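In case you want the letters, here they are:
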Amino acid sequence: MKPETRHQKGFSMLAMMLFILVGIFLLTVVLRVVPAYINDFTLSRIIGSLDESRSYRDADNVRDVRELLRKRIQMENIEALDADDIEMEPEGDRLRLALSYEVRSPFMGNIDTVIQFDHEYELRMP
């Protein structure tokens, strides 16, 4: 009697190694990119909540608003930009804020990730 031939089931060793390498690469991408987007989201939340803030309503001029933003950015530990990098222009009863910055972080070896953010906000004057 002949022994029954069996077909291999599952991944081969080469396929498993390739799968692990792709997984490690994707995990590295996520770990390098996601913190920049979290900081950008936090910055957007800070600027978006200025309108309801009592300290914003008590501000007398653009310099006071910049100092308020500086304190909040420092409190949230955002190092990608400073309050001086935010352009502020009063336009009638509105205050226009424009910020453009990029975040560079090391990826692998001499390869870096560069993420650029451009935002514009319009708030009521305090």
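Above this text is the structure in question.
The structure reproduced in this document is the subject of the present report. Source: prediction; values computed, not measured.

## Some details on the overall build of the chain
Consideration 1: Per the secondary structure count, the chain includes three helices and three strands.
Consideration 2: Mapped from its N terminus to its C terminus, the chain presents α and β elements in the order α-α-α-β-β-β.
Consideration 3: Scaling as 2.2 N^0.38, a compact globule of 126 residues should have a C-alpha radius of gyration of about 14 Å, whereas the chain reaches 25 Å, well beyond that.
Consideration 4: Its C-alpha atoms put the chain at 95 × 30 × 25 Å along the principal axes.
Consideration 5: The contacts of the chain with a sequence gap of at least 6 include a subset with a gap of at least 24, amounting to 49%.
Consideration 6: Approximately 9500 Å² of the chain is accessible, and the part contributed by carbon and sulfur atoms is 56%.
Consideration 7: Measuring between centres, the 16 positive side-chain charges of the chain sit 10 Å from its 22 negative side-chain charges.

## A closer look at the sheet that holds strand S1 (residues 87-91)
Consideration 1: Pairing is antiparallel across the open sheet formed by three strands, whose spatial order is S1-S2-S3. Of all strands in the sheet, those bounded by a partner on one side alone are S1 and strand S3 (111-124). Along the sheet, successive strands turn relative to each other by an average axial angle of 15°, direction set aside.
Consideration 2: The pairing of S1 with strand S2 (residues 94-108) spans five bridges and is classified as antiparallel. In the sheet register, Pro-90 faces S2, and the bridge partner there is Leu-95.
Consideration 3: Each of S2 and S3 is contacted by helix H1 (residues 13-48), which is oriented at about 165° to S2, the strand it contacts most.
Consideration 4: Against the sheet, helix H3 (residues 62-75) contacts S1 and S2, and its axis sits at roughly 140° relative to S1.

## A word on a nonpolar patch on the surface
Consideration 1: A contiguous nonpolar surface patch, about 760 Å² in accessible area, is contributed by Phe-11, Met-13, Met-16, Met-17, Phe-19, Ile-20 and Ile-24.
Consideration 2: Topologically, Met-13 is positioned in helix H1.
Consideration 3: Classification of Met-13 as exposed rests on a relative accessible area of 63%.

## Some remarks on the pairing of S2
Consideration 1: Between S1 and the antiparallel strand that follows it, S2, lie two residues; Gly-92 among them carries a positive phi value of about 65°.
Consideration 2: A loop of two residues connects S2 with S3, the two strands running antiparallel in sequence, and Gly-109 in this loop sits at a positive phi of about 60°.

## Observations regarding the nonpolar core
Consideration 1: Of all hydrophobic cores here, the largest spans 25 residues; its most connected members are Leu-43, Ile-47, Leu-69, Ile-86, Leu-97 and Leu-99.
Consideration 2: Contributing elements (two or more residues each) for this core: H1, H3, S2 and S3.
Consideration 3: Looking at this core element by element, the count peaks at five residues for S2.
Consideration 4: Leaving out residues up to four positions away in the same chain, Ile-47 has contacts with Leu-69, Ile-86, Leu-97, Leu-99, Tyr-121 and Leu-123.

Conventions and cut-offs
Residues numbered from 1 in each chain as written. Predicted model: local features only at pLDDT ≥ 70, side-chain atom pairs only at ≥ 80, totals over all residues. Heavy atoms only, no water. Helix = DSSP H or I, 4+ residues; strand = E, 2+ residues; numbered from the N terminus. Rg over C-alpha atoms; globule rule 2.2 N^0.38 Å. Contact = heavy atoms within 4.5 Å. Areas by Shrake-Rupley, 256 points an atom, 1.4 Å probe, with all protein chains shown as cover. Lys, Arg positive; Asp, Glu negative; His and termini not counted. Charge placed at Lys NZ, Arg CZ, Asp CG, Glu CD. Pairing = 2+ DSSP bridges. Axes fitted to C-alpha atoms, helices over the stretch in contact; angles between N-to-C directions. Patch = residues over 30% accessible without salt bridge, like charges linked within 9 Å, V, L, I, M, F, W, Y side chains within 5 Å. Salt bridge = Lys/Arg side-chain N within 4 Å of Asp/Glu carboxyl O. Buried < 20%, exposed > 50% of the residue type's maximum accessible area, 1.4 Å probe, protein only. Core = buried A, V, L, I, M, F, W, Y, C linked by side-chain atoms within 4.5 Å.

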